[in-house]
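Commentary on secondary and tertiary structure
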Amino acid sequence: MYTATTNLVAAAQGIDSNVVKGIDTNGENTKYYPRTTKTFITALQLALMVGISFGTFIGLFGGTLLRVLMGGSGSNNSLDPAVFAAALRYVRIRALGMPAAVVIGTAQSACLGMQDVRSPLYVLIAAAVV
């Protein structure tokens with residue numbers, strides 16, 4: 001999804017680079033990027049839907065997925081209940097952050113498609129501070 005976002009935003013910006021300049025409210029010439037903006041917004045909306053879907057799926061079926069991954073399904077049920085409970089709690093907490101992670105990754109990919117490498121850096125710094 002991230003690679004597609006980078007490519008689509010870069011292509012939209014290439015098309016928008018030929019847009020005629022307009023006049024903004026201050027009377028100065030500015031360039032408008034309607035296709036780039038629309039592509040960016042659509043990518044963020046899709047990312048939010050995918051993140052919510054993944055987060056919900058992992059939140060609901062996390063126990064089943066963990067049993068399969070940890071080898072506790074079938075007749076070989078040698079999982080320690082305390083370990084399984086802690087792992088399930090961790091997976092469900094991580095699932096809550098899935099929408100934000102997908103949106104942030106998509107926004108970073110879109111910024112890279114617009115050849116803006118500083119904005120993702122500022123977002124990462126702000127996230128690290130918080």
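Per chain, residues are indexed from 1 in the order of the written sequence. With the structure being a predicted model, the display of local features is reserved for residues of pLDDT at least 70 and the display and counting of side-chain atom pairs for 80 or more, all residues being used for whole-chain, interface and lining totals. With hydrogens and water stripped out, all remaining heavy atoms of the structure feed into the side-chain values.

On a plain count of helices and strands, the protein chain comes out with five helices and two strands. Ordered by position from N to C terminus, the α and β elements of the protein chain give α-β-β-α-α-α-α. In what follows, a contact means two residues having at least one pair of non-hydrogen atoms within 4.5 Å. Taking all contacts inside the protein chain whose residues are at least 6 apart in sequence as the whole, residues at least 24 apart take part in 60%. We get accessible surface area from the Shrake-Rupley algorithm with a probe of 1.4 Å; when it comes to residues, only the shown protein chains can shield them. Split by element, the accessible area of the protein chain, about 9,000 Å² in all, is 65% carbon and sulfur. Numbering of helices and strands starts at the N terminus; helices are DSSP runs of H or I of at least 4 residues and strands are runs of E of at least 2.

Bringing the side chain of T39 into the picture now. Relative to the elements of secondary structure, T39 occurs in helix α2 (residues 34-70). Think of a polar contact as two N or O atoms within 3.5 Å of one another; within protein, one of them needs to be a possible hydrogen donor and the other a possible acceptor, and neighboring residues in sequence only count if both atoms come from side chains. Reaching out from T39, the side chain makes a polar contact with the backbone oxygen of R35 at a distance of 2.8 Å. Once residues lying within four places of it in the same chain are set aside, the contact partners of T39 are L8, V9 and A12.

To continue, consider the nonpolar core. The criterion is simple. A nonpolar core is a set of buried Ala, Val, Leu, Ile, Met, Phe, Trp, Tyr and Cys residues joined through side-chain atoms within 4.5 Å. Only protein chains enter the accessibility calculation, which uses a 1.4 Å probe. A residue is then buried if its area is under 20% of the maximum for its type, exposed if over 50%, and partly exposed in between. In this structure, L66, F84, A87, L88 and V91 together form the largest nonpolar core, which totals five residues. The biggest single contributor to this core is helix α3 (residues 81-96), with four residues. When sequence neighbours within four positions are dropped, the list of residues in contact with F84 reads G63, L66, R67, M70 and L79.

Before going further, it helps to examine the confidence of the model for the protein chain. Of all residues in the protein chain, 84% have pLDDT values of 70 or greater, and the mean over the chain is 84. Per-residue confidence from the predictor is given as pLDDT, running between 0 and 100. Taken element by element, the predicted model of the protein chain shows its lowest mean pLDDT in strand β1 (residues 22-23) (56) and its highest in α3 (93).

Turning to the packing of aromatic side chains, a few remarks are in order. Each pair of aromatic rings taken from Phe, Tyr and Trp, with Trp reduced to its six-membered ring, is defined by centres within 6.5 Å and is described as stacked if the planes are under 30 degrees apart, edge-to-face if over 60, and tilted in the remaining cases. For the structure on display, the rule yields one aromatic pair. With centroids separated by 5.0 Å and ring planes inclined at 50°, the aromatic side chains of F57 and F61 adopt a geometry described as tilted. With F57 and F61 both in helix α2, this residue pair falls four residues apart, about one helical turn. Take F57: its relative accessible area is 44%, and that puts it in the partly exposed class. What makes F61 partly exposed here is its relative accessible area of 41%.

Here helix α1 (residues 2-16) is 15 residues long and its end C-alpha atoms lie 21 Å apart, about the 21 Å a rise of 1.5 Å per residue gives. Within α1, burial applies to T5, V9, A12 and D16. Seen end-on, α1 carries its buried residues on one side only, within an arc spanning 65°. In this structure, the buried side of α1 is in contact with α2 and α4 (98-113). Here, expected helix span is obtained from the residue count minus one, scaled by 1.5 Å. Arc definition: it is the arc formed by the directions from the helix axis to the C-beta atoms.

A few words on α2. The principal kink in α2, of about 70°, is found at F61. Contacts from the buried residues of α2 go to α1, α3 and α4. G71 sits one or two positions beyond α2 and adopts a positive phi of about 80°. Here the bend at a residue is taken as the angle between two axes, fitted respectively to the seven residues that end there and the seven that start there.

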